[in-house]
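What the coordinates show
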Amino acid sequence: MPNRKMEKLLTRCIIDHKENVYRLAYSYVKNKEDALDIVQDSIYKALKSIELLNKPEAIKSWFFKIVVYTSLDFLRKQKNVQIVDEETIDSYSSGTKDIYPNIDLEKTLDDLPHKYRSVIVLRYFEDLKIEEVAEILHENVNTIKSRLYQALQLLRITMNDEPAKEVK
């Protein structure tokens with residue numbers, strides 16, 4: 001497929017899945033501006049390396065993979081820096097309405113190791129098939145199934161306040 005056709009295919013993929021891509025980036029960095037930067041960087045990386053994509057039918061999982069790795073790279077660079085966004089600051093100030101989202105689930109997900117959190121986010125929050133998750137994370141389907149099971153076990157244990165078992 002000529003390069004121009006691949007670029008159009010990528011553009012269509014980005015437009016069709018823009019909310020999912022943003023949500024995926026946000027699930028890693030928990031900050032609107034950083035998530036938008038990650039999406040922008042991911043689009044740039046995808047356009048720059050579009051000729052490396054051999055299977056046009058895999059463009060969605062290929063692009064999601066770029067978003068995941070860009071997010072993880074960002075987190076590695078920001079490892080010791082904790083930036084608080086304006087919404088969080090506003091929520092602690094007086095005169096604002098208290099909103100209680102499912103804080104326990106969000107905190108528990110944040111505490112999961114990346115290999116488990118990625119599987120949960122991609123499978124349940126992005127509604128991807130196990131095979132797509134495996135392709136995005138460059139893992140075997142059985143490995144993803146195993147990680148998904150282990151992640152769900154960890155979530156159940158933590159959410160039920162039972163002592164967590166070590167999962168390797």
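In this convention, every chain numbers its residues from 1, walking through the sequence in written order. Residue-level local features of this predicted model are given only where pLDDT is at least 70; pairs of side-chain atoms are given and counted only at 80 or more, and the full residue set underlies all totals for whole chains, interfaces and linings. Hydrogen atoms and water are omitted, and side-chain values are computed over all heavy atoms in the structure.

1. Let's talk about helix H8 (residues 130–137)
What sets the pattern is the α-helix's 3.6 residues per turn: residues three or four places apart point alike. Quick reminder of the rule: When accessible area is computed with a 1.4 Å probe and restricted to protein chains, residues below 20% of their type maximum are described as buried, those above 50% as exposed, and intermediate ones as partly exposed. Each helix is a run of H or I in the DSSP string that is no shorter than four residues. Each strand is a run of E no shorter than two, and both are numbered from the N terminus. Comment: arc refers to directions from the helix axis out to C-beta atoms.
All of the buried residues along H8 are Ile 130, Val 133, Ala 134, Ile 136 and Leu 137. Viewed along the axis of H8, the buried residues span an arc of 165°, placing them on a single side of the element.

2. Quick word on the nonpolar core
What counts, and what does not: Among buried residues, the Ala, Val, Leu, Ile, Met, Phe, Trp, Tyr and Cys ones that are joined through side-chain atoms within 4.5 Å form a nonpolar core. By definition in these notes, contact holds between two residues if any of their heavy atoms fall within 4.5 Å.
In terms of nonpolar packing, the biggest core is built from 42 residues, with Leu 10, Leu 24, Trp 62, Val 68, Leu 122 and Leu 137 touching the most fellow members. With near-sequence residues (within four places) excluded, Leu 137 lies in contact with Val 68, Tyr 69, Ser 118, Val 119, Leu 122 and Ile 144.

3. Quick notes on the side chain of Ser 42
Topologically, Ser 42 is positioned in helix H3 (residues 32–48). Using a relative accessible area of 0% as the deciding quantity, one classes Ser 42 as buried. Beyond its immediate chain neighbours, meaning those up to four positions away, Ser 42 contacts Phe 63, Ile 66, Val 67 and Thr 70.

4. Points about the side chain of Ser 27
With respect to the secondary-structure elements, Ser 27 resides in helix H2 (residues 18–29). On the basis of relative accessibility, which here comes to 13%, the residue Ser 27 falls in the buried class.

5. Comments concerning the confidence of the model for the chain
Our working definition: The predictor reports its confidence for every residue as pLDDT, a score running from 0 up to 100.
Chain-level statistics for the chain give a pLDDT mean of 80 and a share of 79% at 70 or above. Here helix H5 (residues 86–92) is the element of the chain with the lowest mean pLDDT, 52, and H3 is the one with the highest, 93. Residue range residues 92–100 is modelled with pLDDT below 50. Its contacts to residues more than four positions away, or to other chains, number two contacts.

6. Re the packing of aromatic side chains
What counts is decided by this rule: Pairing of aromatic rings covers Phe, Tyr and Trp, the last through its six-membered ring, and needs centres within 6.5 Å; plane angles under 30 degrees mean stacked, over 60 mean edge-to-face, and all others mean tilted. Put simply, a charge is over a ring when the Lys NZ or the Arg CZ is close to the ring centre, within 6 Å, and near the line of the ring normal, within 35 degrees.
Tallied over the entire structure, the rule returns one aromatic pair. Directly above the ring of Phe 64 sits Lys 60, whose terminal nitrogen or CZ lies 5.7 Å from the centroid. Between the NZ or CZ atom of Arg 123 and the centre of the ring of Tyr 124, over which it lies, the distance is 5.6 Å.

7. A few points about the pattern of salt bridges
Using the following cut-off: Salt bridges are defined as contacts in which a side-chain nitrogen from Lys or Arg sits within 4 Å of a carboxyl oxygen from Asp or Glu.
Across all of its chains, the model carries five salt bridges by this definition. Two residues, Arg 12 and Asp 16, come together in a salt bridge whose shortest N-O distance is 2.9 Å. Remark: Asp 16 and Arg 12 occur in helix H1 (residues 3–16); sequence separation between them is four residues, near one turn of the helix. Its relative accessible area of 45% is what places Arg 12 among the partly exposed residues. Ionic pairing is found between Arg 23 and Glu 126, a salt bridge with its closest N-O pair at 3.4 Å. With Arg 23 in helix H2 and Glu 126 in the loop between helix H7 (114–125) and H8, this residue pair connects regions lying 103 residues apart in the sequence. The class for Arg 23 is partly exposed, based on a relative accessible area of 38%.

8. Some details on the packing of helix H4 (residues 59–77) against H8
Rules: Angles run from 0 to 180 degrees between N-to-C directions of axes, and those axes are lines fitted to C-alpha atoms, restricted for helices to the stretch in contact. For this classification, under 35 degrees means roughly parallel, over 145 means roughly antiparallel, 65 to 115 means roughly perpendicular, and everything else is oblique. Two helices that cross are described as forming a left-handed crossing if the nearer one is turned anticlockwise from the farther one by less than a right angle, and a right-handed crossing if clockwise. Residues are grouped as follows: nonpolar covers Ala, Val, Leu, Ile, Met, Phe, Trp, Tyr, Cys and Pro; charged covers Asp, Glu, Lys and Arg; every other residue, Gly included, is treated as polar.
Contact pair H4 / H8: the axes reach a minimum separation of 8 Å and the direction vectors enclose 55°. As summarised for this structure, H4 and H8 are arranged oblique, according to the angle between their axes. Considering how the two elements wind past one another, H4 and H8 form a crossing that is right-handed. Taking contact as the criterion, the partners of Lys 60, Ser 61, Phe 64, Lys 65, Val 68 and Tyr 69 in H4 are, on H8, Glu 132, Glu 135, Ile 136 and Leu 137. Residue composition of the contact of H4 with H8, by class: five nonpolar, one polar and four charged.

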